[in-house]
Amino acid sequence: MNNLTLLALVPSNVWLQALLLVAGVAVVLWGADRLTDGSVALAERMGIPQIVIGLTVVAMGTSMPEFFVSLMSAINGTPDLAVGNVVGSNIFNTLLIVGVAAMVAPITILHTTVRKDIPFAMVASTLLLMMCLDSEIGRIDALVLFVLFIVFMVFTVRGAHQPKPTNDAPANAEAEAKPAMSPLKACLLMLLGLVCLVLGSNVFVGNASAIAHSLGVSDAVIGLTIVAGGTSLPELATSTVAAYRGNSGIAIGNVLGSNVFNILMILGITGLISPMAIQGITTVDLTMMVVSIMMLWLFSFTKYRVERWEGAALAIVFIGYMAYLISAAVA
């Protein structure tokens, strides 16, 4: 049987799903481009460091897929799924997204990010690990998480009014020479980019899952790979595009902000709606989440940069973790 015969046996709906999958990725990449343009323009126009925009507006927008998945889990009476979604997405963010972005272009880390933002993300990760030790996140736990989210937002917004760091300047003189974009246009570009990211990632997850099902892949493997990766696709596209353009503040701020939002805001709101029993999430998963942010912190201390080889190390750890998950799921 030749290759043409094999291709003819593939159902027509699978070809349509494959085309939609590619279209979803294209929409995500285009949206990431628009979001980066708008975010950088807004930061420069308002004199706000890129890291602040990345930690707040961009991070909140790219965390919307995780938020909707977790919120619907709570409403549908399966809040334990929210914890798995957050833990998996945070590991994906820190290891693969930072890893890929750094391999595309080394990421410059501000001193304030190393001293404040990364430690805050590590504290949030460690706190979640401790809360999960009794296999439940109650409403008191969720309230603590949400209060810490408010504290994080207050400190981040206050940081926006401080003098702009010198090493957060545009990557080149050409960027400075461009006419300033109006705040309205910048906000519209960001909104358009976020809409494309959410819609594109949903199309990707839906069609990738359908193709995997048609090929006989189990739900467990699909959840651990396609769904977890798909909800983090906006962060991956945004940080990679930002790193390629030399906008390190957006790239790293997006990841750190998303991690903090996922734990403090998403689990805080989800837990207040419905207490969460921890099922299917192991100590290995929670420990990997904490270890990943510790690795990022350690790499950031070297030269206040995440070099290409350090990005490769993060990506290799992620691949090893995914191999462990898949082997455990199919065993």
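How each quantity is defined
- Sequence positions are assigned chain by chain, starting from 1 and proceeding in written order.
- For a predicted model such as this one, the threshold for reporting local features is a pLDDT of at least 70, and the threshold for listing and counting side-chain atom pairs is 80 or more; totals across whole chains, interfaces and linings nevertheless cover every residue.
- Computation of side-chain values covers all heavy atoms of the structure but excludes hydrogens and water.
- Strands here mean DSSP runs of E at least two residues long; helices mean DSSP runs of H or I at least four residues long; both are numbered from the N terminus.
- The buried label goes to any residue with under 20% of its type's maximum accessible area, the exposed label to any with over 50%, and the partly exposed label to all in between, with areas taken from a 1.4 Å probe on protein chains only.
- What makes two residues a contact is simply this: any of their non-hydrogen atoms within 4.5 Å.
- The quantity called pLDDT is the predictor's confidence in a given residue, expressed from 0 to 100.
- Planes of paired rings set the category: under 30 degrees apart is stacked, over 60 is edge-to-face and the rest tilted, where pairs are Phe, Tyr or Trp rings (Trp by its six-membered ring) whose centres lie within 6.5 Å.

1. Topic: the environment of Tyr-244
Mapped onto the elements of the fold, Tyr-244 is located in helix H11 (residues 233-244). You can call Tyr-244 exposed: its relative accessible area is 66%. Ignoring sequence-local partners within four residues, the contact set of Tyr-244 consists of Val-104 and Ala-105.

2. Regarding the confidence of the model for the protein
Averaged over every residue, the pLDDT of the protein is 79; residues scoring 70 or more account for 83%. Confidence drops under a pLDDT of 50 for residues 1-10, and excluding neighbours within four residues, the segment shows 4 contacts in the predicted structure. The model gives residues 164-177 a pLDDT under 50, and that stretch makes 18 contacts with residues more than four places away or in other chains.

3. Quick notes on the packing of aromatic side chains
Counted by the stated rule, this structure contains 6 aromatic pairs. Ring geometry for Phe-146 versus Phe-149: centroids 5.9 Å apart, planes at 35°, classification tilted. One end of the pair, Phe-146, and the other, Phe-149, are both in helix H7 (residues 139-159), 3 residues apart, so they sit about a helical turn from each other. A residue is classified by how much of its surface remains accessible, and Phe-146, at 25% relative accessible area, is partly exposed. With relative accessibility at 6%, the residue Phe-149 sits in the buried group.

4. Details of unusual backbone geometry
Here Ser-135, not a glycine, exhibits a phi torsion of approximately 65°, which is positive. For Ser-135, the location among the structural elements is in the loop between helix H6 (111-131) and strand S2 (136-137). Classification of Ser-135 by relative accessible area gives partly exposed; the value is 41%. The phi angle at Tyr-304 is positive, at roughly 55°, despite the residue not being glycine. With respect to the helices and strands, Tyr-304 occurs in the loop between helix H13 (283-303) and strand S4 (305-306).

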